[in-house]
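Structural characterization, general
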Amino acid sequence: VTPFNPPLSMTQPVFRFAPSPNGRLHLGHALSALVNFERAQAAGGRFLLRFEDIDTERCRPEYEAAIREDLAWLGIGFEEPVRRQSEHFDAYRAALAVLGARGLLVRSFATRREIATAAAQAAAAGAPWPLDPDGVPLFPGDAALLTAAEMDRRAATGEPAATRLAMQAAIAAAGAIAATPLAWTETGEGPGGETGTVAARPEAFGDVVLARKETPTSYHLSVVVDDALQGVTHVVRGADLFAATAVHRLLQVLLGLPAPVYHHHRLVLGPDGRKLAKSNRDTSLADLRAGGATPADIRRMVGLEL
Ligand code: GLU
């Protein structure tokens, strides 16, 4: 019997840092990139950079160059070539087609604004609208928002539609595929201290968008497809994406993709106690650097040991 000896690349851990090039990196990204890179090094693994630029309106090449510059300054090296999601829309379309063939997709004409308006009206009438873990009003189905005539009109005039995952059907389909309940291995922790084997509850997100009106994919779909295509074994990212991991696990099961190990780290909060945004200029690495900060100062500012 010949023992199975997988090539080194199959056993070597693969980590990735996956920013969107739609602004300068800030302290929150620095923590994420540093924790990622250091865990990859400690594990003897590979480290990839991936540009999540499906929003082609807001993402720009100059931000890609700036991200490369910021990472180099922090002493973080990564493999080339760097995957750019906007060059792989066909891969996401193919994954979508697999879900579509199983009858797990719904077309939706409702706009975000229409959903938000309905939610606000319901709340004003004393009936609070359910929110997803990110605080976004849940999608109730086009039929709850639009008249049949309006849905027909939008279909007839070829108005762009979003493609959503039919969540209940998707959960049932995943249950038929996997022998064990949907879960993931967490080596960091969620906002409530969740760690170890974490039960995935994708239903909390409702019928999530998998392809936007103007883009043939969404964050959830492309992140899952790319992590699998790039052989990512370890996903290290901020705790703001902890809840979304449930959706990612569901898609992985439905698409027959392997499950990486997840490590969610604490977020770097601004002085106001809120999550940093790319618009907070005072915390961008470029501005801190211009103001004389060193990489060691950045490590201190994000609470890492020197
Ligand atoms: N592109 C995402 C962001 O910049 C990160 C995606 C991920 O790590 O899964 O927030």
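Above this text is the structure in question.
Here the structure is a predicted model, which is why all the values come from computation and not from measurement.

**Quick notes on the pattern of salt bridges**
- Applying the stated criterion across every chain yields a total of 21 salt bridges.
- Salt-bridge contacts for Glu62 lead to Arg60; the nearest nitrogen and oxygen are separated by 3.6 Å.
- A relative accessible area of 38% places Arg60 in the partly exposed class.
- Taking the shortest distance from any N to any O, the salt bridge between Arg83 and Asp226 comes out at 2.9 Å. Within this pair, whereas Arg83 is found in strand S3 (residues 83-84), its partner Asp226 is found in helix H8 (residues 219-229), the two being separated by 143 residues in sequence.

**A short note on helix H5 (residues 112-124)**
- Between its first and last C-alpha atoms H5 spans 18 Å; for 13 residues at 1.5 Å apiece the expected length is 18 Å, and the two agree.
- Where H5 is concerned, the buried positions are Ile115, Ala118, Ala119 and Ala122. One side of H5 carries all its buried residues, which in axial view fall inside an arc of 100°. The exposed set on the far side of H5, more than 90 degrees from its buried face, consists of Arg113, Gln121 and Ala124.
- Buried positions along H5 lie against strand S5 (162-165).
- Count one or two residues on from H5 and you reach Gly126, which has phi positive near 90°.

**Observations concerning the site of the ligand**
- All residues adjacent to the ligand are Arg16, Ala18, Pro19, Ser20, Glu52, Tyr219, Val223, Arg237 and Leu241.
- Between the ligand and Ala18 there is a distance of 2.7 Å, counted from a nitrogen atom to a backbone nitrogen or oxygen.
- A distance of 2.8 Å separates an oxygen atom of the ligand from a polar atom in the side chain of Arg237.
- In isolation the ligand exposes 300 Å². Once the protein is present, 78% of that is buried.
- Counted by class, the shell around the ligand contains five nonpolar, one polar and three charged residues.

**Digging into the sheet that holds S5**
- Pairing is antiparallel in the open sheet, where three strands are placed in the order S4-S5-S8. Strands at the two margins of the open sheet, each flanked by one partner only, are strand S4 (105-108) and strand S8 (209-211). Ignoring which end each strand starts from, the neighbouring axes of this sheet average 45° apart.
- With four bridges connecting them, S4 and S5 associate as antiparallel partners. What sits directly across from Ser108, in S5, is Ala162.

**Considerations on the packing of helix H4 (residues 89-101) against H8**
- Interhelical geometry of H4 versus H8 gives an angle of 105° and a closest axis separation of 10 Å. With respect to each other, H4 and H8 are oriented roughly perpendicular. Contacts from Ala91, Tyr92, Ala95 and Leu96 in H4 reach Leu221, Ser222, Val225, Asp226 and Leu229 in H8.
- A class-by-class count of the residues in the contact of H4 with H8 yields seven nonpolar, one polar and one charged.

**Structural notes on unusual backbone geometry**
- Here the residue pair Glu80 and Pro81 is connected by a cis peptide bond, since its omega of -5° sits within 30 degrees of zero.
- By the element assignment, Pro81 lies in the loop between helix H3 (61-74) and S3.

Analysis parameters
Residues numbered from 1 in each chain as written. Predicted model: local features only at pLDDT ≥ 70, side-chain atom pairs only at ≥ 80, totals over all residues. Heavy atoms only, no water. Salt bridge = Lys/Arg side-chain N within 4 Å of Asp/Glu carboxyl O. Buried < 20%, exposed > 50% of the residue type's maximum accessible area, 1.4 Å probe, protein only. Helix = DSSP H or I, 4+ residues; strand = E, 2+ residues; numbered from the N terminus. Expected span 1.5 Å × (residues − 1). Arc of directions from axis to C-beta. Contact = heavy atoms within 4.5 Å. Near = heavy atom within 4 Å. Polar contact = N/O pair within 3.5 Å; in protein donor to acceptor, adjacent residues only side chain to side chain. Areas by Shrake-Rupley, 256 points an atom, 1.4 Å probe, with all protein chains shown as cover. Nonpolar A, V, L, I, M, F, W, Y, C, P; charged D, E, K, R; others polar. Pairing = 2+ DSSP bridges. Axes fitted to C-alpha atoms, helices over the stretch in contact; angles between N-to-C directions. Parallel < 35°, antiparallel > 145°, perpendicular 65-115°, else oblique.

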